[in-house]
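Given next are the chains, with one letter for each unit.
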Amino acid sequence: MSTRTVFGACPHDCPDTCALQVTVENERVIKVQGRAEHPSTHGALCTKVSRYAERTYHPERVLHPLKRVSKKSEAPAFVRVSWAEALADIASRLKAIAARDGQRIQPYSYAGTMGLLQGEAMAGRVWNALGAARLDRTICASAGGAGLAMTYGHKLGMHTRHFAGAKLIVIWGSNSITSNLHFWTYANQAKREGAKLICIDPRKTETADKCHQHIAVLPGTDGALALGLMHELIQHDWLDHDYIARHVDGWDELRAKALAWPPERVAEVCGITADEVRGLARDYGTTTPAAIRMNYGLQRVRGGGNAVRLIAMLPCLTGAWRHPSGGVLLSASGWFAPFKNPDLERPDLLAGRTPRMVNMSTIGDALLQADPPIEALVVYNSNPVAVAPESPKVVKGFQREDLFTVVLEHFMTDTADLADYVLPATTQLEHLDVHTSYGHTDVLMNQPAIAPLGEAKPNTQIFRELAAALGLTDPCFRETDEELAAQAFTADIDLGLLRTQGWQPLPIPEAPFAEGGFRTPNGRANAAGADYVPNYESARTAPELAARYPLAMISPPARNFLNSSFVNVKSLRDMEGEPLIEMHADDAAARGLADGSLVAAFNDRGRYVARLKVSPRARPGVVNGLGVWWRKLGPQGTNVNEVTHQRLTDMGEAPAFYDCLVQVEHA
Ligand SMILES: Nc1nc2c(c(=O)[nH]1)N[C@H]1C(S)=C(S)[C@@H](COP(=O)(O)OP(=O)(O)OC[C@H]3O[C@@H](n4cnc5c(=O)[nH]c(N)nc54)[C@H](O)[C@@H]3O)O[C@H]1N2
Ligand SMILES: Nc1nc2c(c(=O)[nH]1)N[C@H]1C(S)=C(S)[C@@H](COP(=O)(O)OP(=O)(O)OC[C@H]3O[C@@H](n4cnc5c(=O)[nH]c(N)nc54)[C@H](O)[C@@H]3O)O[C@H]1N2
Ligand code: SF4
Ligand SMILES: [Mo]
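Residues numbered from 1 in each chain as written. Chains lettered and ligands numbered in written order. Predicted model: local features only at pLDDT ≥ 70, side-chain atom pairs only at ≥ 80, totals over all residues. Heavy atoms only, no water.

Student: Help me understand the layout of surface pockets in this model?
Tutor: Leftover empty space is mapped by rolling, across the atoms, a probe with the size of a water molecule. Considering only enclosed or pocket space, the largest pocket measures out at about 1,600 Å³ in volume. Those elements that place two or more of their residues in the lining of the largest pocket are strand E6 (105-109), helix H4 (117-121), helix H5 (123-130), strand E7 (134-136) and helix H6 (142-152). The residue makeup of the lining of the largest pocket, split by class, is 22 nonpolar, 15 polar and eight charged. Both domains that furnish three or more residues to the lining of the largest pocket are identified here as domain 2 (66-139 + 350-505) and domain 3 (143-330). Roughly 300 Å³ of internal volume is contained in the second largest pocket. As for the second largest pocket, its lining consists of 21 residues, of which Leu218, Pro219, Ser538, Ala539 and Arg540 are closest to the centre. Broken down by class, the residue content of the lining of the second largest pocket amounts to 11 nonpolar, six polar and four charged. When residues of the lining of the second largest pocket are assigned to domains, at least three map to each of domain 3 (143-330) and domain 4 (543-666). (1 Å grid on protein atoms, 1.4 Å probe; cavity = no way out; pocket = protein on both sides within 12 Å on 5 of 7 lines; lining within 4 Å. Points joined across faces, edges and corners; volume = space filled by probe spheres on them. Helix = DSSP H or I, 4+ residues; strand = E, 2+ residues; numbered from the N terminus. Nonpolar A, V, L, I, M, F, W, Y, C, P; charged D, E, K, R; others polar. Domains from an automatic or database assignment.)

Written out as structure tokens, the structure is:
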């Protein structure tokens, strides 16, 4: 019997980017564990990825190229074809389109794997050579990212590990136990050492349960709450005037705005009490060090970018940044920027062309209305039919008979079901990759543990072979994954160390903004222009709509899924049960709805049927449709995106998934 251990990295779209230790016995993976030596992983993985082998060896893995033989509007039917046949046909279709107008070819990808190689390294080269349309990758974080960049100059924040030393931790728009487990470990350590933990979230999450206090704001009102906190910081003079004078621009303007937000006004807008505002301000203004863990939950509303801007100003006003355990973390991804090779995807292959940019978050409208039309769509590392907003339009777009769709996947997802070709991709256990993170600041390498299953190939290899079939001759299309890895970073990253140790930390100061030094042009944090922007859909901003659809619906992640990944892993799906809509007892009683019954959440866009869970996790006026289920596994073949819309956020052109009014009735 031969046993070996291989070092890897978790590929999923999660801030933790854990270091993996994979045990292989007789060429089969028998265990996936967290590496004990890696500081933030400290030997623990979430339940999902502990079962990664179950995903790789899943009996429903797509292991051969498949070609569609049914109409797009009919039940999906595919036949097995050879790689040669599939690639020749795909190349000839794409070539014919490119000969007329390359930008009618639309790549669509996101963070199914966060690896730099299996992401865009080779794919991006093919798109650049063809002059294909570009994709604005906005679906997750671009509102908050834009807000943070406008305020600090880049997506930068405090070290996750330093939360352990904070005396106050505000967990704002994050269900950390679900979505950021390794941050939670540090927060819990701080809690044991006497820190106070406060959770700000419309939903009473597992994380809220474990905090000292939960403030259940209405969705999309965080900007108003931040202004209210500033009001109190000013009134009580809990301000660090020296820090503000030296490191903040635009404070006079913001100060004037904040003074218009006394606690009573904030309370009314946020659906909380004035005492909650005052108490939070007192805790924040008088505790040192105070740390804020913001997460992306709060920026999936119209005013998401501005909300992030306002919250990011708080540690600048109190001078919390002076301490390593003070400040705020939304994303750490900007720390990696100076270490990445900006030419990995070979932008020179565009040869001066600037193809159109299509926003992934409005793919429904783009497929139905873009002019010139999208003629071909190549999807990898994403499941847009399930995850993009307003699925009735997304589905209609994907069902166009004149659209040629290729999907690189592990499984027959809702998106793969609507493909012309499905190409089998390898999982993280079967390919090489290199990773950055948006939670910590280590670079990681993932070594392949086993050979590809069946006829699966890494995305890089599929795009390499597609390039050859397209007749693309630049030598860059023949570079191996090892060669791509060697080009991914600047010389500061030591590939040898990544191979032997598995990770390399970036040199980031312990208290990065203790002396200012933000990445804005003048080094000062920028408050100018930040303001509260209310939701598109709320009783205040759309009273006529709210009269028909009085409930705000949010659709945060389920603990045992990662976006729509893992929904088909039975042991995990069994833990989640079935698609649920959580509702407060008062709202259920007002509608005569019984716990456990099938209900429909609906609005003018669509109708989503799920099981009702009457639960204290929902606050009055807000229902929680936990996501993101596969449509085809829902009771009526839909998921929560049936009711979300395609209107974009104030900054970053992102979707406003959690800015959504519905009514709920018996199904
Ligand atoms: N298990 C698991 N882990 C995940 C994911 C997953 O699907 N499952 N998703 C991954 C991805 S893609 C990302 S982007 C990250 C971060 O993913 P996020 O989507 O930020 O996930 P959460 O940490 O669950 O934070 C969302 C929280 O914000 C709350 N929320 C909703 N609207 C508002 C609001 O208006 N204001 C406030 N204050 N709170 C609001 C929700 O109730 C929820 O508890 O997590 C990653 N980790
Ligand atoms: N209503 C609602 N909708 C949401 C959200 C929400 O909170 N509410 N969250 C949004 C957020 S934050 C995000 S980030 C998006 C995420 O949306 P997506 O990026 O689409 O994420 P997943 O749904 O996990 O789909 C990733 C797919 O990539 C595939 N994949 C993984 N690794 C590989 C690989 O190596 N090669 C290939 N070819 N495929 C691979 C997986 O099998 C999976 O089907 O969803 C968004 N949608
Ligand atoms: S999904 Fe997140 S917590 Fe789970 S193993 Fe991957 S990086 Fe770690
Ligand atoms: Mo995300």
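Okay, back to it.
Student: Please clarify how the site of ligand 2 should be interpreted in this entry.
Tutor: Taken together, 31 residues form the shell around ligand 2, and within it Asn383, Glu409, Ser564, Ser565 and Tyr658 come nearest. In this structure, Glu409 approaches ligand 2 through a side-chain N or O atom, which is 2.5 Å from an oxygen atom. For ligand 2, the protein covers 97% of the area, taking 910 Å² as the surface of the free molecule. Looking at the shell around ligand 2, its residues break down into 12 nonpolar, 15 polar and four charged. The residue makeup of the shell around ligand 2 includes at least three contributed by each of domain 2 (66-139 + 350-505) and domain 4 (543-666). (Near = heavy atom within 4 Å. Polar contact = N/O pair within 3.5 Å; in protein donor to acceptor, adjacent residues only side chain to side chain. Areas by Shrake-Rupley, 256 points an atom, 1.4 Å probe, with all protein chains shown as cover.)

Student: Mind showing me how you'd approach the UniProt feature "domain: 4Fe-4S Mo/W bis-MGD-type" (unreviewed entry) in the protein chain here?
Tutor: With numbering matched to this structure, UniProt assigns "domain: 4Fe-4S Mo/W bis-MGD-type" (unreviewed entry) to residues 3-60. Across residues 3-60, the secondary structure splits into 16% helix and 36% strand, with the terminal C-alpha atoms separated by 26 Å. (UniProt positions renumbered as here; feature names shortened; annotations may be inferred.)

Student: Where do I start with the packing of aromatic side chains in this structure?
Tutor: For any pair of aromatic rings, the description consists of the separation of the ring centres together with the inter-plane angle of the planes. One pass over the full model with this rule turns up 15 aromatic pairs. Residues Trp127 and Phe463 carry aromatic rings whose centres are separated by 5.6 Å and whose planes lie at 75° to one another, so their mutual orientation is edge-to-face. One end of the pair, Trp127, is in helix H5; the other, Phe463, is in helix H19 (residues 459-469), and 336 residues separate them in sequence. Assessed through its relative accessible area of 2%, Phe463 is described here as buried. (Phe/Tyr/Trp six-rings, centres within 6.5 Å; stacked < 30°, edge-to-face > 60°. Buried < 20%, exposed > 50% of the residue type's maximum accessible area, 1.4 Å probe, protein only.)

Student: Would you explain H19 in this entry?
Tutor: Along an α-helix, a turn takes 3.6 residues, which lines up residues three or four apart on a common side. For H19, every residue scored as buried is listed here: Asn459, Thr460, Ile462, Phe463, Arg464, Leu466 and Ala467. Of the residues one or two after H19, Gly471 is the one with positive phi, at around 80°.

Student: When you look at the site of ligand 3 in this model, what are you seeing that I'm missing?
Tutor: Contacts to ligand 3 come from Cys10, Cys14, Asp16, Thr17, Cys18, Leu45, Cys46, Val49, His182 and Leu562. Counting atoms within 2 Å of the grid points, the majority share of ligand 3 lands in the second largest cavity. Of the residues in the shell around ligand 3, the class split is seven nonpolar, two polar and one charged. (Sits in = over half its atoms within 2 Å of the grid points.)

Student: Please clarify how the sheet that holds strand E20 (residues 503-505) should be interpreted in this entry.
Tutor: The pairing of strands in a sheet comes from backbone hydrogen bonds and takes either a parallel or an antiparallel form. The strand order across the open sheet built from three strands is E18-E19-E20, with neighbouring strands paired in antiparallel fashion. Since the sheet does not close on itself, it has two edges, and those belong to strand E18 (433-435) and E20, each with one partner. Taking each pair of neighbouring strands and ignoring which way they run, the sheet shows an average axis angle of 10°. Two strands pair when backbone bridges link them, and E18 and strand E19 (residues 442-446) are joined in this way by three bridges, in the antiparallel orientation. Paired with Asp433 across the bridge in E19 is Asn446. (Pairing = 2+ DSSP bridges. Axes fitted to C-alpha atoms, helices over the stretch in contact; angles between N-to-C directions.)

Student: It is not clear to me how the pattern of salt bridges should be interpreted in this structure. Could you clarify?
Tutor: Between side chains of opposite charge, a pair can form when the charged atoms approach closely. Enumeration over the complete set of coordinates arrives at 43 salt bridges. Arg246 is the partner of Glu515 in a salt bridge, and the nearest nitrogen-oxygen pair spans 3.7 Å. Pair noted here: Glu515 is in the loop between E20 and strand E21 (525-526) and Arg246 is in helix H11 (residues 241-247), with a separation of 269 residues, a long-range link. A salt bridge links Asp587 to Arg591; the nearest nitrogen and oxygen atoms lie 4.0 Å apart. Placement of both Asp587 and Arg591 in helix H24 (residues 585-591) is noted, with a separation of four residues, approximately one turn of the helix. (Salt bridge = Lys/Arg side-chain N within 4 Å of Asp/Glu carboxyl O.)

Student: Which parts of the structure should I look at to understand the domain arrangement of the protein chain?
Tutor: When the parts of a complex come together, some accessible area is lost, and that lost area is often used as the size of the interface. Split by domain assignment, the protein chain resolves into domain 1 (3-56), domain 2 (66-139 + 350-505), domain 3 (143-330) and domain 4 (543-666). The C-alpha centroid of domain 4 is placed 29 Å from the C-alpha centroid of domain 2. Tallying the contact residues gives 25 residues for domain 2 and 20 residues for domain 4. Between domain 2 and domain 4, roughly 1,700 Å² of surface is buried when both sides are summed, and carbon and sulfur atoms account for 50% of that area. Among the residues of domain 2 in contact with domain 4, Pro389, Glu390 and Asp414 are the three that bury the most area, contributing 26% of the side total. For the pair domain 2 and domain 4, the interface holds one salt bridge. For Lys632, the salt bridge goes to Asp417, with nearest N and O atoms at 2.9 Å. On the surface where domain 2 and domain 4 come into contact, there are 16 residue pairs in polar contact (both at pLDDT 80 or more). (Contact = heavy atoms within 4.5 Å. Buried area = accessible area lost by both parts, 1.4 Å probe.)

Student: Help me understand the pairing of strand E23 (residues 580-583), please; the structure alone is not making it clear to me.
Tutor: Each regular strand shows side chains that alternate between the opposite faces of the sheet. Where burial is concerned, the two faces of E23 agree: the one with Leu580 and Glu582 and the one with Ile581 and Met583 are both buried. Examined bridge by bridge, E23 and strand E26 (residues 622-625) share two bridges and lie antiparallel to one another. The residue of E26 that forms the bridge with Ile581 is Gly625.

Student: What should I look at first to understand the packing of helix H10 (residues 222-235) against helix H15 (residues 304-318) in this one?
Tutor: For any two helices packed against each other, one specifies the crossing angle of their axes together with the interaxial distance. Between H10 and H15, the least distance of the axes is 8 Å, while the angle of their chain directions is 20°. By the angle between their axes, H10 is roughly parallel relative to H15. With respect to the hand of their crossing, H10 and H15 are arranged in left-handed fashion. Seen from H10, the contacting residues are Asp222, Gly223, Ala226, Leu227, Leu229, Met230 and Leu233; seen from H15, they are Ala307, Leu310, Ile311, Met313, Leu314, Leu317 and Thr318. Here the contact of H10 with H15 is composed, by residue class, of 11 nonpolar, two polar and one charged. (Parallel < 35°, antiparallel > 145°, perpendicular 65-115°, else oblique. Left-handed = near helix turned anticlockwise from the far one by under 90°.)

Student: What should I look at first to understand empty space enclosed by the protein in this one?
Tutor: Across all of its chains, the model carries five cavities of 30 Å³ or more by this definition. Counted as a void, the second largest cavity has a volume near 110 Å³. Contributing to the lining of the second largest cavity are 16 residues, with Cys14, Asp16, Cys18, Cys46 and His182 lying nearest its centre. Only helix H1 (47-50), helix H7 (176-179) and helix H8 (181-192) provide two or more residues apiece to the lining of the second largest cavity. Classifying every residue of the lining of the second largest cavity by side-chain character gives eight nonpolar, six polar and two charged. Both domains that furnish three or more residues to the lining of the second largest cavity are identified here as domain 1 (3-56) and domain 3 (143-330).

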